[in-house]
Amino acid sequence: MAICQHCENTWSYKGSLKQILKFRRKMTCEHCKHHQYYSQNSYWAMQMIMVPAYFILIPLLNIVLDVQFLLGLLIVTLLLVIYFLLTPKFLSLSNKEEPLW
Ligand SMILES: [Zn+2]
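One structure accompanies this document, and this report is about it.

**Brief notes about helix H3 (residues 69-90)**
Here H3 contains 22 residues, and its C-alpha end-to-end distance of 31 Å stays within 8% of the 32 Å for a straight helix at 1.5 Å per residue. Taken as a whole, H3 has its buried residues at Gly72, Val76, Leu80, Phe84, Thr87 and Pro88. Next to the buried residues of H3 lie helix H1 (13-20) and helix H2 (40-65).

This is the structure we're talking about:
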């Protein structure tokens, strides 16, 4: 779970998911109200996997398993929803906005 780098309190699953759903790099700690940012690793894992997944997994499902486009879209979306619901468990925070690379 995410630990605030300012007050060192652990964020709840619901609070973390709420912050992630805002789709902003800057988040507010539910305990101290201090701004927190995705750590570099968290940002890569959470943001950069979502979009390319559609462009890679759907054609891959189509080629390898001969799955139709809409079924592939449904499968990838379902996988991403599961992935998205798990992300609060692996969220790590930083006090400052870190560069992507
Ligand atoms: Zn805090």
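**Quick look at the coordination of the zinc ion**
Each angle at a metal carrying four tetrahedral donors should ideally be 109.5 degrees, and each at a metal carrying six octahedral donors should ideally be 90 or 180 degrees. Protein coordination at the zinc ion comes from Cys4 (SG), Cys7 (SG), Cys29 (SG) and Cys32 (SG), with a distance range of 2.2 to 2.3 Å. Classification of the site at the zinc ion as tetrahedral follows from its four donor atoms and the range of 105 to 114 degrees in their angles at the metal. Between the donor residues of the zinc ion, the gaps in sequence give the motif C-x2-C-x21-C-x2-C. Highlighted residues: Cys4 in the segment before H1 and Cys29 in the loop between strand S1 (26-28) and strand S2 (35-38), separated in sequence by 25 residues. With respect to class, Cys4 is no different from Cys29; both count as buried.

**Details of the packing of aromatic side chains**
Two measures describe an aromatic ring pair: the distance that separates the ring centres and the angle between the ring planes. Counted by the stated rule, this structure contains two aromatic pairs. An angle of 25 degrees between the planes, with centres 6.1 Å apart, marks the rings of Phe23 and Phe84 as stacked. You can see Phe23 sitting in the loop between H1 and S1 and its partner Phe84 sitting in helix H3, a full 61 residues away along the chain. Residue classification places Phe23 among the exposed positions, given a relative accessible area of 58%. The ring of Tyr43 carries the charged tip of Arg25 above its face, separated from the ring centre by 4.1 Å.

Each value, and the rule that gives it
Residues numbered from 1 in each chain as written. Predicted model: local features only at pLDDT ≥ 70, side-chain atom pairs only at ≥ 80, totals over all residues. Heavy atoms only, no water. Helix = DSSP H or I, 4+ residues; strand = E, 2+ residues; numbered from the N terminus. Expected span 1.5 Å × (residues − 1). Buried < 20%, exposed > 50% of the residue type's maximum accessible area, 1.4 Å probe, protein only. Contact = heavy atoms within 4.5 Å. Donors = N, O, S within 2.8 Å, 3.2 Å for Na, K, Ca; no water. Tetrahedral: all angles 85-135°; square planar, octahedral: opposite > 155°, others 65-115°. Phe/Tyr/Trp six-rings, centres within 6.5 Å; stacked < 30°, edge-to-face > 60°. Lys NZ or Arg CZ within 6 Å of the ring centre and 35° of its normal.

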